[in-house]
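# Structural description and commentary
Chain by chain, the residues:
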Amino acid sequence: MAFIIYTLHDKNHNNLIIFIASSIVLFISICSSYAVMSATKKQYESDLFLTAQIKTIIESNDRLKGLTFHTYGRVSESIYSRMVSESYPIARVINARLYDWTLATQLNGLGAKNIDFSFDRKSTIKKLIAACSYGKHEVSTPLYNIFSHSKDAYIVIGEAPKECRLNTSS
(Lines give C-alpha, C1' and ligand atoms only; values in the text may rest on other atoms or scores of the structure.)
Protein backbone atom coordinates (compact mmCIF):
# COMPACT_ATOMS: atom_id res chain seq x y z
CA MET A 1 0.00 0.00 0.00
CA ALA A 2 2.85 2.34 0.84
CA PHE A 3 4.37 1.69 -2.61
CA ILE A 4 1.12 2.78 -4.30
CA ILE A 5 0.98 6.00 -2.28
CA TYR A 6 4.68 6.65 -2.97
CA THR A 7 4.22 6.12 -6.74
CA LEU A 8 1.30 8.55 -6.86
CA HIS A 9 3.38 11.33 -5.24
CA ASP A 10 6.58 10.67 -7.23
CA LYS A 11 7.54 13.77 -9.20
CA ASN A 12 9.28 11.88 -12.04
CA HIS A 13 6.42 9.40 -12.49
CA ASN A 14 8.98 6.68 -13.22
CA ASN A 15 7.64 4.52 -10.43
CA LEU A 16 4.07 5.14 -11.58
CA ILE A 17 4.91 3.89 -15.07
CA ILE A 18 6.59 0.82 -13.59
CA PHE A 19 3.60 0.24 -11.31
CA ILE A 20 1.10 0.47 -14.19
CA ALA A 21 3.18 -1.79 -16.43
CA SER A 22 3.62 -4.30 -13.60
CA SER A 23 -0.11 -4.23 -12.88
CA ILE A 24 -0.93 -4.93 -16.52
CA VAL A 25 1.53 -7.82 -16.69
CA LEU A 26 0.20 -9.23 -13.41
CA PHE A 27 -3.41 -8.97 -14.62
CA ILE A 28 -2.60 -10.72 -17.91
CA SER A 29 -0.66 -13.42 -16.07
CA ILE A 30 -3.52 -14.12 -13.68
CA CYS A 31 -6.09 -14.22 -16.50
CA SER A 32 -3.90 -16.49 -18.63
CA SER A 33 -3.21 -18.84 -15.74
CA TYR A 34 -6.89 -19.07 -14.88
CA ALA A 35 -7.89 -19.70 -18.51
CA VAL A 36 -5.26 -22.40 -19.06
CA MET A 37 -6.00 -24.20 -15.78
CA SER A 38 -9.73 -23.96 -16.39
CA ALA A 39 -9.29 -25.46 -19.86
CA THR A 40 -7.15 -28.25 -18.43
CA LYS A 41 -9.79 -29.01 -15.80
CA LYS A 42 -12.59 -29.04 -18.38
CA GLN A 43 -10.55 -31.32 -20.65
CA TYR A 44 -9.90 -33.72 -17.78
CA GLU A 45 -13.62 -33.78 -16.88
CA SER A 46 -14.56 -34.41 -20.51
CA ASP A 47 -11.98 -37.19 -20.80
CA LEU A 48 -13.09 -38.84 -17.56
CA PHE A 49 -16.72 -38.74 -18.72
CA LEU A 50 -15.69 -40.38 -22.01
CA THR A 51 -13.72 -43.05 -20.16
CA ALA A 52 -16.69 -43.83 -17.90
CA GLN A 53 -18.95 -44.02 -20.97
CA ILE A 54 -16.57 -46.46 -22.68
CA LYS A 55 -16.39 -48.58 -19.51
CA THR A 56 -20.18 -48.74 -19.36
CA ILE A 57 -20.40 -49.78 -23.02
CA ILE A 58 -17.78 -52.54 -22.77
CA GLU A 59 -19.36 -53.94 -19.62
CA SER A 60 -22.95 -53.83 -20.86
CA ASN A 61 -22.47 -55.09 -24.44
CA ASP A 62 -22.83 -58.90 -24.44
CA ARG A 63 -20.81 -59.24 -27.66
CA LEU A 64 -17.82 -57.63 -25.94
CA LYS A 65 -17.80 -59.75 -22.78
CA GLY A 66 -14.67 -61.82 -22.31
CA LEU A 67 -12.66 -59.99 -24.97
CA THR A 68 -9.28 -58.39 -24.33
CA PHE A 69 -9.43 -54.66 -25.02
CA HIS A 70 -6.63 -52.73 -26.67
CA THR A 71 -6.61 -48.95 -26.88
CA TYR A 72 -5.48 -46.69 -29.68
CA GLY A 73 -5.73 -43.01 -30.61
CA ARG A 74 -6.10 -39.60 -29.07
CA VAL A 75 -9.19 -37.49 -28.48
CA SER A 76 -9.52 -34.00 -29.84
CA GLU A 77 -9.73 -31.00 -27.56
CA SER A 78 -12.98 -30.45 -25.71
CA ILE A 79 -15.09 -27.54 -26.93
CA TYR A 80 -14.17 -25.37 -23.95
CA SER A 81 -10.46 -26.14 -24.32
CA ARG A 82 -10.62 -25.33 -28.02
CA MET A 83 -12.17 -21.94 -27.26
CA VAL A 84 -9.47 -21.14 -24.69
CA SER A 85 -6.73 -22.32 -27.05
CA GLU A 86 -7.87 -19.82 -29.65
CA SER A 87 -7.27 -16.97 -27.18
CA TYR A 88 -4.28 -18.48 -25.40
CA PRO A 89 -2.34 -20.76 -27.79
CA ILE A 90 -0.13 -21.96 -24.93
CA ALA A 91 -3.20 -23.79 -23.57
CA ARG A 92 -3.06 -26.22 -26.51
CA VAL A 93 0.50 -27.17 -25.55
CA ILE A 94 -0.16 -27.50 -21.82
CA ASN A 95 -3.54 -29.21 -22.05
CA ALA A 96 -3.13 -32.97 -21.69
CA ARG A 97 -5.74 -34.77 -23.75
CA LEU A 98 -6.78 -38.38 -23.37
CA TYR A 99 -4.79 -40.80 -25.51
CA ASP A 100 -4.45 -44.56 -25.69
CA TRP A 101 -2.17 -45.08 -22.68
CA THR A 102 -4.10 -42.73 -20.38
CA LEU A 103 -7.38 -44.30 -21.52
CA ALA A 104 -6.08 -47.77 -20.62
CA THR A 105 -4.82 -46.48 -17.26
CA GLN A 106 -8.12 -44.75 -16.46
CA LEU A 107 -10.19 -47.78 -17.50
CA ASN A 108 -8.07 -49.97 -15.23
CA GLY A 109 -8.47 -47.39 -12.45
CA LEU A 110 -12.25 -47.49 -12.88
CA GLY A 111 -12.19 -51.28 -12.51
CA ALA A 112 -12.66 -52.35 -16.14
CA LYS A 113 -11.45 -55.88 -16.86
CA ASN A 114 -9.16 -57.19 -19.61
CA ILE A 115 -7.65 -53.85 -20.59
CA ASP A 116 -4.30 -54.26 -22.34
CA PHE A 117 -1.94 -51.60 -23.59
CA SER A 118 1.30 -51.79 -25.52
CA PHE A 119 3.65 -48.97 -26.38
CA ASP A 120 4.40 -50.91 -29.57
CA ARG A 121 1.88 -48.86 -31.52
CA LYS A 122 3.00 -50.21 -34.90
CA SER A 123 1.98 -53.70 -33.84
CA THR A 124 -1.25 -52.40 -32.31
CA ILE A 125 -2.23 -50.56 -35.47
CA LYS A 126 -1.54 -53.63 -37.63
CA LYS A 127 -3.84 -55.69 -35.43
CA LEU A 128 -6.39 -52.89 -35.37
CA ILE A 129 -6.46 -52.68 -39.18
CA ALA A 130 -6.90 -56.46 -39.34
CA ALA A 131 -9.81 -56.14 -36.91
CA CYS A 132 -11.30 -53.40 -39.09
CA SER A 133 -10.93 -55.54 -42.21
CA TYR A 134 -12.04 -58.93 -40.90
CA GLY A 135 -13.86 -58.21 -37.68
CA LYS A 136 -16.97 -56.38 -36.57
CA HIS A 137 -17.56 -52.72 -35.95
CA GLU A 138 -19.26 -53.05 -32.58
CA VAL A 139 -19.71 -49.43 -31.46
CA SER A 140 -19.55 -46.20 -33.42
CA THR A 141 -19.73 -42.72 -31.92
CA PRO A 142 -18.18 -39.40 -32.99
CA LEU A 143 -15.65 -39.70 -30.13
CA TYR A 144 -14.71 -43.38 -30.23
CA ASN A 145 -15.21 -46.66 -32.07
CA ILE A 146 -14.88 -50.25 -30.92
CA PHE A 147 -13.88 -53.00 -33.34
CA SER A 148 -13.71 -56.69 -32.46
CA HIS A 149 -11.88 -59.58 -34.07
CA SER A 150 -11.35 -63.03 -32.64
CA LYS A 151 -10.73 -62.63 -28.89
CA ASP A 152 -9.65 -59.01 -29.07
CA ALA A 153 -11.44 -55.68 -29.21
CA TYR A 154 -9.92 -52.35 -30.12
CA ILE A 155 -11.11 -49.11 -28.59
CA VAL A 156 -10.17 -46.32 -30.98
CA ILE A 157 -10.53 -42.84 -29.51
CA GLY A 158 -10.51 -39.81 -31.74
CA GLU A 159 -10.15 -40.34 -35.45
CA ALA A 160 -9.80 -43.94 -36.57
CA PRO A 161 -7.13 -44.90 -39.11
CA LYS A 162 -8.34 -44.47 -42.69
CA GLU A 163 -8.52 -48.24 -43.21
CA CYS A 164 -11.05 -48.41 -40.37
CA ARG A 165 -13.13 -45.43 -41.45
CA LEU A 166 -14.19 -47.31 -44.56
CA ASN A 167 -15.81 -50.03 -42.49
CA THR A 168 -17.97 -47.92 -40.20
CA SER A 169 -21.27 -48.94 -41.81
CA SER A 170 -21.36 -52.45 -40.26
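To be clear, the structure that these remarks concern was listed above.
Residues numbered from 1 in each chain as written. Predicted model: local features only at pLDDT ≥ 70, side-chain atom pairs only at ≥ 80, totals over all residues. Heavy atoms only, no water.

## Thoughts on the packing of helix 2 (residues 14–60) against helix 3 (residues 79–87)
For the pair helix 2 and helix 3, interaxial distance at closest approach is 8 Å and the crossing angle is 160 degrees. Relative to helix 3, the element helix 2 lies roughly antiparallel. Where helix 2 crosses over helix 3, the handedness of that crossing is left-handed. For the pair helix 2 and helix 3, contact is made by A35, V36, S38, A39, K42 and Q43 and by Y80, S81 and V84, respectively. Looking at the contact of helix 2 with helix 3 residue by residue, the classes come out as five nonpolar, three polar and one charged. (Axes fitted to C-alpha atoms, helices over the stretch in contact; angles between N-to-C directions. Helix = DSSP H or I, 4+ residues; strand = E, 2+ residues; numbered from the N terminus. Parallel < 35°, antiparallel > 145°, perpendicular 65-115°, else oblique. Left-handed = near helix turned anticlockwise from the far one by under 90°. Contact = heavy atoms within 4.5 Å. Nonpolar A, V, L, I, M, F, W, Y, C, P; charged D, E, K, R; others polar.)

## Concerning the sheet that holds strand 3 (residues 136–140)
Pairing is mixed in the open sheet, where five strands are placed in the order 2-1-5-4-3. In this open sheet, the two strands that pair with only one neighbour each are strand 2 (115–116) and strand 3. Pairing between strand 1 (residues 68–73) and strand 2: two bridges, direction parallel. Paired with F69 across the bridge in strand 2 is I115. Relative to strand 4 (residues 144–149), helix 2 is tilted by about 30 degrees, and along the sheet it contacts strand 1, strand 2, strand 3, strand 4 and strand 5 (152–157). In the packing of helix 6 (residues 121–134) onto the sheet, the strands contacted are strand 1, strand 3, strand 4 and strand 5, and the crossing angle to strand 4 comes to about 80 degrees. (Pairing = 2+ DSSP bridges.)

## Considering the pattern of salt bridges
For the structure on display, the rule yields four salt bridges. Across the pair K55 and E59 runs a salt bridge whose closest N-O atoms are separated by 3.1 Å. A residue pair is termed a helical-turn pair when its members lie 3 or 4 positions apart in one helix, as K55 and E59 do in helix 2 at four residues. The class for K55 is buried, based on a relative accessible area of 17%. Of the residues examined, E59 reaches a relative accessible area of 37% and is grouped as partly exposed. (Salt bridge = Lys/Arg side-chain N within 4 Å of Asp/Glu carboxyl O. Buried < 20%, exposed > 50% of the residue type's maximum accessible area, 1.4 Å probe, protein only.)

## Notes on the packing of aromatic side chains
By convention here, two paired aromatic rings are described through the distance between centres and the angle between planes. Considering all chains together, one arrives at three aromatic pairs under this definition. Ring centres of W101 and F119 lie 6.2 Å apart, and the angle between their planes is 35 degrees; this geometry places the pair in the tilted category. Of this pair, W101 sits in helix 5 (residues 100–109) while F119 sits in the loop between strand 2 and helix 6; the two residues are 18 residues apart in sequence, bridging distant segments of the chain. The exposure class assigned to W101 is partly exposed, which follows from its relative accessible area of 36%. Centroid distance F117 to F119: 4.7 Å. Interplanar angle 90 degrees. Geometry classified as edge-to-face. What makes F119 exposed here is its relative accessible area of 56%. Members of the aromatic cluster, connected to one another through ring pairs, are Y99, W101, F117 and F119. (Phe/Tyr/Trp six-rings, centres within 6.5 Å; stacked < 30°, edge-to-face > 60°.)

## Side note on the pairing of strand 4
Counting buried positions over the six residues of strand 4 gives five, a clear majority of the element. Two successive antiparallel strands, strand 3 and strand 4, enclose a turn made up of three residues. Two elements, strand 4 and strand 5, share six bridges in a ladder whose sense is antiparallel. In the strand pairing of strand 5, F147 is matched with Y154. Between the end of strand 4 and the start of strand 5, which pair antiparallel, lie two residues, with S150 showing a positive phi angle near 60 degrees.

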